[in-house]
Amino acid sequence: MVMLEMSSGGHYMESVKIIKQATGRSYFNIMGTLWKNDGIWGFYKGFMPWGAMQAVKGIPVMFTQNETEHRLKQVGMPRHYAEVLGGIMGGVSQGVFMTPTQRLKTIVMTDPRMNAEKAEIKGVVNTSKALMILLKQEGIGSLFNGLGPMMAKRGMDWGLRFYFVGVARRAFQGEDKTRKLSMLENTTCAIIGGMGST
């Protein structure tokens, strides 16, 4: 599902957003340049790490969140607080996972070496070559530039998400805290959590 989302427009919109943030150019100018330089493939620069990351980026969140929540409950912390703290830790782990691929995507989309007419690296395969150039010129540590803000952002995002999901769940349950929610109620809780975390 995530790969379909990314291949049918999500990656393209994300790419345009990154170039806009990095250069300040107009959206029409960005789209025109992408099409002129690489045709349809211009919209998929950096797709492989980004698409792959989107497909698996939830794994570190769910694993870390579940494990943290379980451990905190074992020492007596109430469920709601354990969920929120677990969400924060899950988001932090996702930030560590996402930072290198986000860095590569930004380079592929904005570095002039990737977009020059006779650039050594061009097309969808830019990403692996960009990685080699980056490692050679700046070292492996450069992949984690911006790690702190990314960890903080993802940690807050997931912490708030679990907080609002818990609030919505308790509102649906009312007095009976053991009642299982219906599929519609669970979906509504997830939507509220997603809206609260943006």
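Residues numbered from 1 in each chain as written. Predicted model: local features only at pLDDT ≥ 70, side-chain atom pairs only at ≥ 80, totals over all residues. Heavy atoms only, no water.

(A) Geometry of helix 8 (residues 147-173). Between its terminal C-alpha atoms helix 8 stretches 39 Å, which fits the 39 Å expected from 27 residues at 1.5 Å a residue. Within helix 8, the full set of buried residues consists of Met150, Arg154, Gly155, Asp157, Trp158, Gly159, Phe162, Gly166, Ala168, Arg169 and Gln173. Directly after helix 8, the chain includes glycine 174, whose backbone phi takes a positive value near 65°. (Helix = DSSP H or I, 4+ residues; strand = E, 2+ residues; numbered from the N terminus. Expected span 1.5 Å × (residues − 1). Buried < 20%, exposed > 50% of the residue type's maximum accessible area, 1.4 Å probe, protein only.)

(B) Fine view of the confidence of the model for the protein chain. Of the residues in the protein chain, 78% reach a pLDDT of 70 or more, and the chain-wide mean stands at 80. Mean pLDDT across the elements of the protein chain bottoms out in helix 6 (residues 112-115) (61) and peaks in helix 8 (93). This model gives residues 117-121 a pLDDT under 50, and the stretch forms 11 contacts once residues within four places in sequence are excluded. (pLDDT = per-residue confidence, 0-100. Contact = heavy atoms within 4.5 Å.)

(C) Broad picture of the pattern of salt bridges. Applying the stated criterion to the full structure yields eight salt bridges. Here glutamate 83 and arginine 169 are joined by a salt bridge, their closest N and O atoms 3.1 Å apart. Of this pair, glutamate 83 sits in helix 5 (residues 79-110) while arginine 169 is found in helix 8, placing the two residues 86 residues apart along the sequence. With respect to class, glutamate 83 is no different from arginine 169; both count as buried. Here aspartate 157 makes a salt bridge to arginine 161, at a shortest N to O gap of 3.6 Å. Here the residue aspartate 157 and the residue arginine 161 both occupy positions in helix 8, the gap between them amounting to four residues, near one helical turn. (Salt bridge = Lys/Arg side-chain N within 4 Å of Asp/Glu carboxyl O.)

(D) Spatial organisation of the packing of aromatic side chains. One pass over the structure, following the stated rule, counts two aromatic pairs. When the centroid spacing of 6.1 Å and the interplanar angle of 40° are considered together, the rings of tryptophan 158 and phenylalanine 162 count as tilted. Of this pair, tryptophan 158 and phenylalanine 162 both sit in helix 8, four residues apart, roughly one helical turn. Considering the side-chain rings of tyrosine 163 and phenylalanine 164, the 5.1 Å spacing of their centres and the 80° angle between planes classify their relative orientation as edge-to-face. Residue classification places tyrosine 163 among the partly exposed positions, given a relative accessible area of 36%. The class of phenylalanine 164 is partly exposed, set by a relative accessible area of 28%. Positioned over the ring face of tryptophan 158 is arginine 161, at 4.6 Å from the centre of the ring. (Phe/Tyr/Trp six-rings, centres within 6.5 Å; stacked < 30°, edge-to-face > 60°. Lys NZ or Arg CZ within 6 Å of the ring centre and 35° of its normal.)

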